[in-house]
Protein chains: 2
Amino acid sequence: MTSSDNDIGLKSVHLTIDALELLSREQRDIGISEMANLLGTTKGTVFRHMQTLLARGYVTQSESSHRYRLGPQAACLGQSAIDHTDIVERARPHLSALREATGETVALSLVDQQGVVILSKVMGKSPLEIGVRVGSRLALHSSAQGKIALAFGPSLLLAQYERQDLASFTPHTIETTSELKAALERIRQTGIAEAPNEYMLGVNAIAAPIRDRSGALVATVAVVGSIQNVDARTKPEMIEAIVATAQKISTDLGYVGNV
Amino acid sequence: MTSSDNDIGLKSVHLTIDALELLSREQRDIGISEMANLLGTTKGTVFRHMQTLLARGYVTQSESSHRYRLGPQAACLGQSAIDHTDIVERARPHLSALREATGETVALSLVDQQGVVILSKVMGKSPLEIGVRVGSRLALHSSAQGKIALAFGPSLLLAQYERQDLASFTPHTIETTSELKAALERIRQTGIAEAPNEYMLGVNAIAAPIRDRSGALVATVAVVGSIQNVDARTKPEMIEAIVATAQKISTDLGYVGNV
DNA sequence: CACCGCCGTTTCGCATAGCGTAACAATGTT
DNA sequence: AACATTGTTACGCTATGCGAAACGGCGGTG
């Protein structure tokens with residue numbers, strides 16, 4: 001799971017990040033010995049790193065078990081990261097408008113070299129709330145946003161993704177590379193992606209690409225909801241609205257051009 | 001601004017964190033030279049740190065200006081931190097209930113050795129939304145939650161806070177240490193704190209302490225809203241509700257006892 | 001247009017800073 | 001009560017991250 005480019009940059013910083021991401025991955029508290037095993041290093045080393053992170057508030061230590069978990073300062077930093085991403089501000093009114101038009105939950109996700117991260121959402125009108133967690137990374141092969149990223153994003157993404165197994169979440173999850181490639185080809189032609197039942201049964205999302213001045217894919221807008229309300233085949237007007245929203249946000253970012 | 005305990009722990013990790021927090025503090029992108037100045041180190045060093053953070057997605061570099069800003073991975077980590085804090089889950093139903101009872105925005109904030117961080121909120125019913133940012137740290141002397149932290153929290157907090165100047169946000173902000181001490185004394189007696197007009201004119205908050213099994217202050221619940229709806233003197237039933245909510249959450253965390 | 005100044009990036013040798021090993025203390029388990 | 005865990009501390013070596021200075025690119029200015 002740990003990236004292969006751990007050799008570029010500072011070793012101890014990489015280790016600290018590895019530790020933080022380990023704590024972020026597991027939802028339980030983790031002790032020093034276990035971390036040392038999982039990270040492939042020694043107890044003493046991990047201890048020093050935890051000391052440092054503890055002093056800064058990025059991890060907390062349970063009084064009783066002496067195990068560690070992520071601390072509030074990490075939350076603080078994370079929120080700042082969202083605030084500093086100007087796409088979020090720029091897109092906000094368009095997202096609200098799209099939610100108003102469709103009544104469904106709308107989500108903005110950023111694309112980076114590691115995949116897609118949800119940065120902002122506006123909840124739909126339905127009393128049963130269906131949404132996505134801000135700050136979560138989506139699976140690339142089984143989410144509408146992820147497929148947009150694979151189809152239009154950095155080729156590096158697709159390349160490094162092909163070496164992995166495609167995790168299966170439901171019977172409808174795409175499982176073979178050839179199926180995925182066919183799907184991506186269709187997405188490149190239509191300009192939108194959906195993922196009905198692929199991550200969770202009964203849930204669908206339709207996503208469209210957002211580009212910046214340079215024409216590179218930087219984000220996606222998506223409508224998320226129950227499969228009976230969000231369906232590309234039965235709601236052409238919804239697709240229209242999503243694509244139009246993506247266009248507007250792209251234009252706001254300085255993108256010019258249609259292809 | 002940088003903590004005095006930068007000598008405990010790993011130097012390069014501290015520097016990386018310093019850099020991240022610098023980027024989080026300023027809302028503009030920052031170049032390497034400027035960071036080196038602000039952090040009291042050299043360009044080369046900062047460059048290596050940015051390389052590392054770049055490879056991991058915690059910062060992004062602008063194509064054009066080559067300046068740096070916080071990246072999406074930081075947002076990812078931050079959200080995980082919130083998800084891993086079980087108080088958030090435990091408190092959720094109580095917060096919703098309190099919002100239902102009062103109609104106002106309700107916020108849960110965690111207390112750590114550096115102050116208070118908002119971790120969760122439920123927006124009020126008023127069409128004009130008044131709230132607080134999740135992930136933001138509040139001023140200790142001019143927010144209801146901050147004063148709760150100073151009054152009941154780790155004495156270390158108060159001690160290190162006395163050495164600082166009390167920033168003034170409005171004409172009503174407490175500015176002298178003696179005033180603050182008097183206010184804290186009152187808060188210790190009544191068990192609740194408010195901060196009318198102290199951070200922003202027209203806005204008030206009323207907060208109560210949440211304790212864990214050991215009896216230590218770990219969090220606060222607060223109602224936030226316009227000063228005409230949220231006022232400790234005219235709404236005794238609101239205070240009742242807040243204190244009761246804090247009690248319930250404390251009990252859920254294993255706290256026993258009244259004082 | 002050539003100059004200058006500033007930027008981010010790269011290189012390199014040195015000393016420090018962080019690593020691993022191993023002993024220690026504090027638990028809770030058998 | 002012996003033991004097998006845990007988290008914590010101590011210490012010496014060497015890898016590692018640091019600082020100073022040189023490099024290339026860009027944008028302004030005379």
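Since this is a predicted model, take the numbers as computed values, not measurements. (Residues numbered from 1 in each chain as written. Chains lettered and ligands numbered in written order. Predicted model: local features only at pLDDT ≥ 70, side-chain atom pairs only at ≥ 80, totals over all residues. Heavy atoms only, no water.)

## Quick notes on the overall build of chain A
Regarding its fold elements, chain A presents 9 helices and 8 strands. Here the C-alpha atoms of chain A give a radius of gyration of 20 Å, agreeing with the 18 Å that 2.2 N^0.38 yields for 259 residues. If one aligns the C-alpha atoms of chain A with their principal axes, the spans along those axes are about 60 × 40 × 40 Å. Among the 259 residues that make up chain A, the fraction classed as buried is 54%. The contacts in chain A between residues at least 6 apart in sequence include a share of 53% that link residues at least 24 apart. Summed over its atoms, the accessible surface of chain A is roughly 12,100 Å², and 51% of this surface lies on carbon and sulfur atoms. Averaging the positions of the 25 positive and the 27 negative side-chain charges in chain A gives two centres separated by 3 Å. (Helix = DSSP H or I, 4+ residues; strand = E, 2+ residues; numbered from the N terminus. Rg over C-alpha atoms; globule rule 2.2 N^0.38 Å. Buried < 20%, exposed > 50% of the residue type's maximum accessible area, 1.4 Å probe, protein only. Contact = heavy atoms within 4.5 Å. Areas by Shrake-Rupley, 256 points an atom, 1.4 Å probe, with all protein chains shown as cover. Lys, Arg positive; Asp, Glu negative; His and termini not counted. Charge placed at Lys NZ, Arg CZ, Asp CG, Glu CD.)

## A short note on the environment of A:L166
All names here are of chain A. You can see L166 is positioned in the loop between α7 (155–162) and α8 (177–190). Residue classification places L166 among the buried positions, given a relative accessible area of 15%. For the pair formed by L166 and H141, sequence separation is 25 residues and the distance between their alpha carbons is 7.1 Å. Residues within four places of L166 in sequence aside, it is in contact with H141, I174, E175, T176 and L180.

## Details of the protein's contact with DNA strand D
What surrounds DNA strand D is a group of 17 residues, the closest being A:G31, A:I32, A:S33, B:T45 and B:R48. In DNA strand D, atoms within 4 Å of the protein come 74% from sugar and phosphate. Side-chain polar atom of A:Q61 to a phosphate oxygen of DNA strand D: 3.3 Å apart, as the coordinates give it. Only α1 (11–25), α2 (32–39) and α3 (43–56) of chain A together with α3 (43–56) of chain B provide two or more residues apiece to the surface near DNA strand D. (Near = heavy atom within 4 Å. Polar contact = N/O pair within 3.5 Å; in protein donor to acceptor, adjacent residues only side chain to side chain.)

## Considering the domain arrangement of chain A
According to the domain assignment, chain A consists of domain 1 (11–78) and domain 2 (85–252). A separation of 32 Å is found between the C-alpha centroids of domain 1 of chain A and domain 2 of chain A. (Domains from an automatic or database assignment.)

## Things to note about the pairing of strand β4 (residues 115–122) of chain B
The side chains of a regular strand alternate, residue by residue, between the two faces of the sheet. All names here are of chain B. In terms of burial, β4 is a largely internal element, 6 of the 8 residues being buried. Both strand β3 (residues 105–112) and β4 contribute to a ladder of 7 bridges, which runs antiparallel. Within the sheet, the bridge partner assigned to V111 lies in β4 and is V116. With antiparallel pairing between neighbouring strands as the criterion, β3 and β4 make up a hairpin whose turn holds 2 residues. (Pairing = 2+ DSSP bridges.)

## Let's talk about the protein's contact with DNA strand C
Taken together, 17 residues sit near DNA strand C, with A:T45, A:R48, B:S12, B:G31 and B:S33 positioned nearest. Sugar plus phosphate, as a fraction of atoms of DNA strand C within 4 Å of the protein: 67%. One of the backbone nitrogen or oxygen atoms of B:I32 is found 2.8 Å away from a phosphate oxygen of DNA strand C. Within the side chain of B:S33, an N or O atom sits 2.5 Å from a phosphate oxygen of DNA strand C. Listing elements by their share of the surface near DNA strand C, those giving two or more residues are α3 of chain A together with α1 (11–25), α2 (32–39) and α3 of chain B. Ranked by the residues each element gives to the surface near DNA strand C, the list is headed by α3(A), at 3 residues. When grouped by side-chain class, the residues that make up the surface near DNA strand C number 4 nonpolar, 10 polar and 3 charged. (Nonpolar A, V, L, I, M, F, W, Y, C, P; charged D, E, K, R; others polar.)

## Re the environment of B:L20
With respect to the helices and strands, B:L20 occurs in helix α1. What makes B:L20 buried here is its relative accessible area of 8%. Other than its neighbours up to four places away in sequence, B:L20 contacts A:L77, B:L53, B:Y58, B:V59 and B:L70.

## Section: the relation of the copies chain A and chain B
You can overlay chain A on chain B at an RMSD of 0.0 Å; the transform is a turn of 180 degrees with a shift of 0.0 Å along its axis. These values place the two chain copies in the arrangement generated by a two-fold rotation axis. If distances are taken from each C-alpha of chain A to the rotation axis, the shortest is found for A:G78, at 2.0 Å. (Least-squares fit on C-alpha atoms with pLDDT ≥ 70 in both.)

## Digging into the side chain of B:N204
As for its placement among the helices and strands, B:N204 is situated in strand β7 (residues 203–211). A distance of 3.0 Å separates a polar atom in the side chain of B:N204 from the backbone oxygen of B:V230.

## What about the interface of chain A and chain B?
Taken together, the 53 residues of chain A in the interface contact 53 residues of chain B. Interface area lost by chain A to chain B is led by A:R56, A:L77 and A:H84, which between them contribute 16%. At the surface where chain A touches chain B, the tally comes to 8 salt bridges. Scanning the region where chain A abuts chain B turns up 25 residue pairs in polar contact (both at pLDDT 80 or more). The element best represented in the side of chain A that touches chain B is helix α4 (residues 72–84) of chain A, accounting for 13 residues. When the residues that make up the side of chain A that touches chain B are grouped by side-chain class, the tally is 21 nonpolar, 19 polar and 13 charged. (Buried area = accessible area lost by both parts, 1.4 Å probe. Salt bridge = Lys/Arg side-chain N within 4 Å of Asp/Glu carboxyl O.)

## A few points about the sheet that holds strand β8 (residues 217–226) of chain A
An order of β5-β4-β3-β8-β7-β6 (chain A) is seen for the 6 strands of this open sheet, with the pairing classed as antiparallel. Sheet topology places β5 (137–138) and β6 (193–194) of chain A at the edges, where each strand pairs with a single neighbour. Against the sheet, helix α4 (residues 72–84) of chain B makes contact with β3 (105–112), β4 (115–122) and β5 of chain A, and its axis sits at roughly 65 degrees relative to β4(A), the strand it touches most. (Axes fitted to C-alpha atoms, helices over the stretch in contact; angles between N-to-C directions.)

## Description of a nonpolar patch on the surface
Residues and elements named next belong to chain A. A surface patch of nonpolar side chains, about 330 Å² in accessible area, is lined by F169, Y199 and M200. Mapped onto the fold, Y199 is located in the loop between β6 and β7 (203–211). The partly exposed category is assigned to Y199, whose relative accessible area is 47%. (Patch = residues over 30% accessible without salt bridge, like charges linked within 9 Å, V, L, I, M, F, W, Y side chains within 5 Å.)

## Quick look at the sheet that holds β3(B)
Pairing is antiparallel across the open sheet formed by 6 strands, whose spatial order is β5-β4-β3-β8-β7-β6 (chain B). Only two strands of the sheet have a single partner each, and these edge strands are β5 (137–138) and β6 (193–194) of chain B. Along the sheet, α4(A) makes contact with β3, β4 and β5 of chain B, crossing β4(B) at roughly 65 degrees. Along the sheet, helix α5 (residues 86–102) of chain B contacts β3, β4 and β8 (217–226) of chain B; its crossing angle with β3(B), the most-contacted strand, is approximately 145 degrees.

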